[in-house]
Amino acid sequence: HRTGRPLEESSDPEKLAASFAAVLQSVRHHASAWPFLKPVTVAEVPDYYDHIKYPMDLKTMGERLKKGYYVTRRLFMADMARIFSNCRFYNSPETEYYRCANNLERYYQTKMRELGLWD
Ligand SMILES: COc1cccc2onc(N)c12
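Calculation notes
Note that residues are indexed from 1 along each chain, following the sequence as it is written. Residues qualify for local features only when their pLDDT is at least 70, as the model is predicted, and side-chain atom pairs are given and counted only at 80 or more; totals for whole chains, interfaces and linings, by contrast, use all residues. To get the side-chain values, take all heavy atoms of the structure and skip hydrogens and water. What counts as a helix is a DSSP run of H or I of at least four residues, what counts as a strand is a run of E of at least two, and both are numbered from the N terminus. In this treatment the radius of gyration is a C-alpha quantity, and the globule benchmark scales as 2.2 Å times the residue count to the 0.38 power. Nonpolar core, defined: a set of buried Ala, Val, Leu, Ile, Met, Phe, Trp, Tyr and Cys residues in which side-chain atoms within 4.5 Å join the residues together. Each residue gets one of three labels from its accessible area relative to the maximum for its type: buried under 20%, exposed over 50%, partly exposed in between, using a 1.4 Å probe on protein chains only. Any two residues having at least one pair of non-hydrogen atoms within 4.5 Å are treated as being in contact. We define proximity as follows: a residue is near a molecule or strand when any one of its heavy atoms falls within 4 Å of that partner. The term polar contact refers here to a pair of N or O atoms within 3.5 Å; inside protein, the definition further demands a hydrogen-donor-capable atom paired with an acceptor-capable atom, and it admits residues adjacent in sequence only when both atoms are side-chain atoms. All accessible-area figures derive from a Shrake-Rupley calculation using a 1.4 Å probe, and residue coverage is judged against the displayed protein chains alone. The rule for a salt bridge is simple: a side-chain nitrogen of Lys or Arg has to be within 4 Å of a carboxyl oxygen of Asp or Glu.

(A) Layout of the overall build of the chain. Check the secondary structure of the chain and you find 5 helices and 0 strands. Helices and strands appear in the chain in the N-to-C order α-α-α-α-α. Its C-alpha atoms give the chain a radius of gyration of 15 Å, near enough to 14 Å, the size a compact globule of 119 residues would have. Taken along the three principal axes of its C-alpha coordinates, the chain extends 50 × 25 × 20 Å.

In structure tokens form, the structure reads like this:
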């Protein structure tokens with residue numbers, strides 16, 4: 001639960017980064033996060049980068065967070081959405097990957113709402 005001013009009004013970048021870190025941490029620990037924990041390798045998927053021009057993963061997001069890249073909600077939400085859209089673009093709907101993307105995205109949105117970061 002949340003206390004104090006609604007987060008979306010807080011312009012405090014440190015508070016925002018702390019909230020993004022909390023969302024990222026819980027998303028990383030979700031059972032459906034395993035395909036997204038680190039970049040897809042060419043070894044695993046030789047043609048992946050012929051199809052996916054803007055790859056993203058949770059490890060890269062953690063690095064960006066540490067570097068202070070996520071100065072707005074929009075930047076954080078764009079990278080997270082990219083993880084799911086890449087997965088649903090590359091994989092067919094009946095695959096385990098596609099199901100993981102949908103499950104994890106639902107959980108992510110719930111966490112964002114809990115922190116007053118959604119809409
Ligand atoms: C290990 O992750 C994968 C392996 C194979 C295809 C994939 O599409 N999206 C992924 N995250 C993925």
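After that view, the rundown keeps rolling.
(B) Structural view of the nonpolar core. Of all hydrophobic cores here, the largest spans 25 residues; its most connected members are L58, M61, F76, M80 and Y108. Mapped onto this core, the elements with two or more residues apiece are α1 (13-28), α3 (58-66), α4 (73-90) and α5 (96-114). Per-element accounting of this core gives the leading share, 6 residues, to α4. Apart from the residues lying within four places of it in its own chain, the contact partners of Y108 are V23, V27, F76, M77, M80, F84 and W118.

(C) Expanded view of the site of the ligand. The local shell around the ligand consists of P35, F36, V40, E44, V45, Y48, Y90, N91 and Y97. The backbone of P35 places a nitrogen or oxygen atom 2.9 Å from a nitrogen atom of the ligand. Here an oxygen atom of the ligand and a side-chain polar atom of N91 are 2.9 Å apart. Relative to its free-state accessible area of 310 Å², the ligand is covered by the protein chains to the extent of 89%.

(D) Layout of the environment of F76. With respect to the secondary-structure elements, F76 resides in helix α4. Here the alpha-carbon distance between F76 and Q25, two residues 51 residues apart in the chain, equals 13 Å. Sequence-distant contacts of F76, defined by excluding residues within four places in its chain, comprise F20, V23, M61, Y70, Y108 and M112.

(E) Local environment of the pattern of salt bridges. With the rule as written, the count across this model stands at 6 salt bridges. The partner of K59 in a salt bridge is E63, with the nearest N and O atoms 3.1 Å apart. Note that K59 and E63 are positioned in helix α3 at a spacing of 4 residues, about one turn of the helix. K59 gets classed as partly exposed once you look at its relative accessible area, which sits at 41%. Given a relative accessible area of 33%, E63 falls into the partly exposed group. For the salt bridge of R99 with E96, the shortest nitrogen-to-oxygen distance reads 3.5 Å. Pair noted here: R99 and E96 are both in helix α5, with a separation of 3 residues, about one helical turn. The partly exposed category is assigned to R99, whose relative accessible area is 42%. According to the relative accessible area criterion, E96 is partly exposed, its value standing at 38%.

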